[in-house]
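Observations on the three-dimensional arrangement
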Amino acid sequence: MPTQTKIKIDDAVELRQKLDGIYDTASQTILAKWSILLAKHIMDIAGFADAENETILNGFDVNEAWQNGQARMHDVRQAGFKIHALSKATEDVLHIAILRVIGQAVGTGHMREHAMVASDYAVKVVNILQPDNKEAVIAEREWQITTLVKCLS
């Protein structure tokens, strides 16, 4: 069943639908791996200055531990909550969106649906960085699709 976009974004709807179809075939572990790659990709393209934040790095570590069967869903959920708390502590819309990508990505070990929400927040980051740039959105969705396909192989 197709997922619904839960946030307001300027999107490439057809590419989101394609991503959603691939997402539907992926295991939760693959989605968790892909989501972390997505978060790191977004941090990189946005030049996120707080990439070495202990809370974020711990979230990535907990997600990876969950992928390897070494952490509980509860641990992943708590790590995601801590990252979302960082987003509530800032008023910078770009930082909020980046932290939402990261928090949703980490939370994918708790619920697979967080992967698509993270992908939508990634598009929101692109919308903020490059307003009204459809080509940038298309490039982001194509990166997401290509990277998820690679994770599946």
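Scroll up for the structure.
Rules behind the numbers
- Residues numbered from 1 in each chain as written.
- Predicted model: local features only at pLDDT ≥ 70, side-chain atom pairs only at ≥ 80, totals over all residues.
- Heavy atoms only, no water.
- Salt bridge = Lys/Arg side-chain N within 4 Å of Asp/Glu carboxyl O.
- Helix = DSSP H or I, 4+ residues; strand = E, 2+ residues; numbered from the N terminus.
- Buried < 20%, exposed > 50% of the residue type's maximum accessible area, 1.4 Å probe, protein only.
- Expected span 1.5 Å × (residues − 1).
- Polar contact = N/O pair within 3.5 Å; in protein donor to acceptor, adjacent residues only side chain to side chain.

**What about the pattern of salt bridges?**
Evaluated as defined, the whole model comprises four salt bridges. When the shortest N-O distance is used, the salt bridge between arginine 141 and aspartate 120 registers 2.6 Å. With arginine 141 in helix α7 (residues 134–152) and aspartate 120 in helix α6 (residues 114–129), the pair connects residues that are 21 residues apart, well separated along the chain. Here arginine 141 matches aspartate 120 in class, with each residue buried.

**So, helix α5 (residues 93–107)**
When the terminal C-alpha atoms of α5 are compared, their 21 Å separation across 15 residues agrees well with the 21 Å that a helix rising 1.5 Å per residue should span. Of all 15 residues making up α5, 12 are buried, and the element is well covered by its neighbours. Regarding α5, the residues found buried are Leu94, Ala97, Ile98, Leu99, Arg100, Val101, Ile102, Gly103, Gln104, Ala105, Val106 and Gly107. In this structure aspartate 92 caps α5, since a side-chain oxygen of it lies 2.9 Å from the backbone nitrogen of leucine 94.

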